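Coordinates in review
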Amino acid sequence: MADTIDSLLAEMRTALRQADFEDPAQEARILVGGLLGLTPTKLMSRGGDVVAADKVALIRAGIARRLAREPLHRILGARDFYGLTLSLSPETLEPRPDTETLVEAMLPHVRATVARVGQCRILDLGTGTGAICLALLSAVAEAKGVGVDLSKDALSTASANAQAHGLSDRFRAVQSDWFEKIDGRYHIIVSNPPYIRSEIIDALDPEVRLFDPLLALDGGAEGLDAYRIIAARAAVFLEDEGVIGLEIGFDQKDSVTQIFRDEGFERTAFLRDLGGNDRVLVFRRADAGAARAMRTAAC
Ligand SMILES: C[S@@+](CC[C@H](N)C(=O)[O-])C[C@H]1O[C@@H](n2cnc3c(N)ncnc32)[C@H](O)[C@@H]1O
């Protein structure tokens, strides 16, 4: 009997149910719909359509990969983030909805900078797919960004994503160990650095542990290595009135705040994600107010 959309959906639901996946029906719709390029509505209305043999093979291979715990969007090769469809590659983290909280937190600062000085230079440390920087650039036409990563594979994916969204003239990918190869000063520094404690990586879900790159996860013994490096050097690269926005682990608000206070920053905001976890901290230089007052007095 020929394979139809409905029969393939049922095949995947059954396979995932037998393997105790949480939401087999939803996963089947996303995978089959994604691989056939059909919206959820079309998927439902065309359930009786016969599927071509090459597509059937692709879907069956996708089911096998999912049973091996590969995340759905890695199988599909792309994930939506803040309205942008971003390609993924082996060395990019799959961008998470929680990270959209950082974009939301930084957008008013990007817009305010443009209103104040007519432009906004953004530095995204650990850019991965380019998610944070590209989301900000797509929302504010006057902004330009540099995406930094240690991974060449991530940087070529970020550049391809910039190209796909018509942002390549405002986005530059730089291979660097954090600030090592960076010069100039920026109005906005953003980062979602690796922040998982090394010792708990083995206990993470297989979807994360086996498929997200270790370089994107491992934050050292306390999960704080990258924050320490960024805090120690950020002032050199930040405009006087610039701000730094950081994603953090749910239990890192106090420790990351202290690290930045010790380096002369003050926290101006913290935000929770949609799940209610502490997720984003925003800092500026503690002497920013004094610097502004001195400049005003000098005018
Ligand atoms: C948690 S991922 C974030 C990716 C992306 N910004 C996002 O939010 O989806 C951390 C990123 O930092 C990069 N990274 C890790 N160590 C680095 C280093 N020493 N210098 C530059 N980037 C680094 C990783 O390759 C990874 O892309």
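Okay, so let's go over this structure. (Residues numbered from 1 in each chain as written. Predicted model: local features only at pLDDT ≥ 70, side-chain atom pairs only at ≥ 80, totals over all residues. Heavy atoms only, no water.)

Topic: helix α11 (residues 225–237)
Over its 13 residues, α11 extends 19 Å from the first C-alpha to the last, a length consistent with the 18 Å expected when each residue adds 1.5 Å. The largest bend in α11 is about 35°, located at Ala 231. Buried within α11 are the following residues: Ala 226, Tyr 227, Ile 230, Ala 231, Ala 234 and Phe 237. Where α11 is buried, its residues contact β3 (120–125), β6 (186–191), β7 (238–247), α12 (253–262) and β8 (265–272). (Helix = DSSP H or I, 4+ residues; strand = E, 2+ residues; numbered from the N terminus. Expected span 1.5 Å × (residues − 1). Bend = angle between axes of the 7 residues up to and from the residue. Buried < 20%, exposed > 50% of the residue type's maximum accessible area, 1.4 Å probe, protein only. Contact = heavy atoms within 4.5 Å.)

Looking at the site of the ligand
Neighbouring the ligand are 17 residues, the closest being Gly 126, Asp 149, Asp 177, Trp 178 and Asn 192. Measuring from a nitrogen atom of the ligand, one finds a backbone N or O atom of Thr 127 at 3.4 Å. One of the side-chain nitrogen or oxygen atoms of Asp 149 is found 2.6 Å away from an oxygen atom of the ligand. Within the complex, 96% of the 590 Å² of free accessible area of the ligand lies under protein. Across the shell around the ligand, the residue classes break down as nine nonpolar, six polar and two charged. (Near = heavy atom within 4 Å. Polar contact = N/O pair within 3.5 Å; in protein donor to acceptor, adjacent residues only side chain to side chain. Areas by Shrake-Rupley, 256 points an atom, 1.4 Å probe, with all protein chains shown as cover. Nonpolar A, V, L, I, M, F, W, Y, C, P; charged D, E, K, R; others polar.)

Digging into the sheet that holds β8
Strand order across the open sheet formed by seven strands is β5-β4-β3-β6-β7-β9-β8, with mixed pairing between neighbours. The sheet terminates laterally at β5 (171–175) and β8, the two strands that pair on one side only. Within this sheet the neighbouring strands show an average axis-to-axis angle of 20°, counted without direction. Contacts from α11 reach β3, β6, β7, β8 and β9 (278–285) within the one sheet, and its direction differs from that of β7 by about 160°. (Pairing = 2+ DSSP bridges. Axes fitted to C-alpha atoms, helices over the stretch in contact; angles between N-to-C directions.)

Focus on the packing of helix α2 (residues 24–36) against helix α4 (residues 53–67)
Running from N to C, α2 and α4 point in directions that differ by 140°, and their axes come no closer than 10 Å. What the angle tells us is that α2 and α4 run oblique. Of the two possible hands of crossing, α2 and α4 adopt the one that is right-handed. Residues Glu 27, Leu 31, Val 32, Leu 35 and Leu 36 of α2 form the contact with α4, whose participating residues are Lys 55, Leu 58, Ile 59, Gly 62, Ile 63 and Arg 66. (Parallel < 35°, antiparallel > 145°, perpendicular 65-115°, else oblique. Left-handed = near helix turned anticlockwise from the far one by under 90°.)

Looking at the nonpolar core
Side chains of nonpolar character tend, in soluble globular proteins, to be buried together. With 30 residues, the main nonpolar core has Met 106, Val 110, Ile 122, Leu 134, Leu 136, Leu 137 and Ile 188 as its most contacted residues. The set of elements that each furnish at least two residues to this core consists of β2 (84–87), α6 (100–117), β3, α7 (131–139), α8 (152–164), β6 and β9. Setting aside residues up to four positions removed in sequence, Leu 137 forms contacts with Ile 122, Ala 143, Lys 144, Gly 145, Leu 167, Arg 170 and Phe 171. Among the nonpolar cores identified, the runner-up in size contains 28 residues, and Leu 123, Ala 231, Phe 237 and Ile 244 belong to it. (Core = buried A, V, L, I, M, F, W, Y, C linked by side-chain atoms within 4.5 Å.)

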